[in-house]
Amino acid sequence: MQNNKVKIDGKVSIITPTYNSEKFVLNTIHSVLNQTYTNWEMLIVDDCSTDRTVELVNGLNEPRIKLILQENNCGAAMARNRAIEEADGEFFAFLDSDDSWRIDKLEKQIHFMRENNYDFTSTHYEHVNEEGISTGTITKARERLDYNGLLKYCPGNSTVIYNAKNLGVFFIPDIKRRNDFVMWLQVIKKAKYNYGLLEPLTYYQVREGSLSSNKKTLIKYQWRVYREIEKLSLVKSLYLLLHKIFSVVMK
């Protein structure tokens, strides 16, 4: 797939897939509406929700928010790709439908990128529970990651912004889990580095039963990324997997 749209300078396209997110999606959206940086569009792709998600998003009177409805339930990767196809901002930002941002997230991160001529960045993120209360855990971004570093330390999806005008547009393979990781591995091959803004500007919601909480399954998909998608050697894949398992166990 190709996206040949002219990118609008300074505009941030926010990519948000949703599925049965009625409990959290308004909090996510309001964290965007409250941003001090106002040149954005938010592309929300609903993946055939069966709850009130669509009704709640439709109830908002905000022209910068575009709701796109999938005809079939295809998963988060394809929902993100659908939003990416429609996006026309200079910068692409990613925000999951149960996460949220600090009000100055976009302002600080776009300034960080402009000031330093960075094309691919991420930030620290703070863990919160389903009530939005901090758990006291902050996952820290690395100051700089190259490809091999990113293989070990995947940036938090809702913290990432990349310059699509400079780097081009990247789509995600249809893999059920770790699809954000696969995208960042594509981006870093073009950008060379991911730079960390070392502040917690994103709130990551920890939910019981969520895809990301199933650590055994995530390990299986991590292996698929190493061997099937990145085509890494058996030895390197084993090393990286052991590193990942150790990191998960230590959390």
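Residues numbered from 1 in each chain as written. Predicted model: local features only at pLDDT ≥ 70, side-chain atom pairs only at ≥ 80, totals over all residues. Heavy atoms only, no water.

Undergrad: What should I look at first to understand the nonpolar core in this one?
TA: Grouped burial of nonpolar side chains is what soluble globular proteins tend to show. Counting residues in hydrophobic clusters, the biggest one holds 38 residues, and the most contacted among them are F94, F120, L151, Y162, W184 and V187. Listing elements by their share of this core, those giving two or more residues are β2 (40–46), α3 (76–86), β4 (89–94), α5 (147–152), α6 (164–167), α7 (179–191), α8 (215–229) and α9 (234–250). Top element by residues in this core is α7. It accounts for eight residues. Ignoring anything within four residues of it in the chain, the contact list for L151 reads F181, L185, Q222, Y226, L232, K236 and L240. Membership of the second largest hydrophobic core comes to 19 residues, among which are M42, V57, I65 and A93. (Core = buried A, V, L, I, M, F, W, Y, C linked by side-chain atoms within 4.5 Å. Buried < 20%, exposed > 50% of the residue type's maximum accessible area, 1.4 Å probe, protein only. Helix = DSSP H or I, 4+ residues; strand = E, 2+ residues; numbered from the N terminus. Contact = heavy atoms within 4.5 Å.)

Undergrad: Just to check I follow, could you spell out the pairing of β4 for this structure?
TA: Side-chain positions along a regular strand alternate between the two faces of the sheet. Counting buried positions over the six residues of β4 gives six, a clear majority of the element. As judged from the five bridges shared by strand β1 (residues 8–18) and β4, these two strands associate in the parallel manner. Bridging across to β4, I8 finds its partner in G89. (Pairing = 2+ DSSP bridges.)

Undergrad: Help me out: how do you make sense of the packing of aromatic side chains in this one?
TA: Centre distance and the angle of the planes are the two values used to describe a pair of aromatic rings. A complete count under the given rule lists 10 aromatic pairs for this structure. Between F94 and Y162, the aromatic rings sit 6.1 Å apart at their centres with planes inclined by 25°, giving stacked as the arrangement. Pair noted here: F94 is in strand β4 and Y162 is in strand β9 (residues 161–163), with a separation of 68 residues, a long-range link. Overall, the relative accessible area of 0% leaves F94 in the buried class. Put simply, the rings of F92, F94, F120, Y162, F170 and W184 pair up and form one aromatic cluster. Here the basic side chain of R142 rests over the ring of Y153, its NZ or CZ set 3.6 Å away from the ring centre. Over the ring of Y193 we find R144, and its NZ or CZ is 4.1 Å from the ring centre. (Phe/Tyr/Trp six-rings, centres within 6.5 Å; stacked < 30°, edge-to-face > 60°. Lys NZ or Arg CZ within 6 Å of the ring centre and 35° of its normal.)

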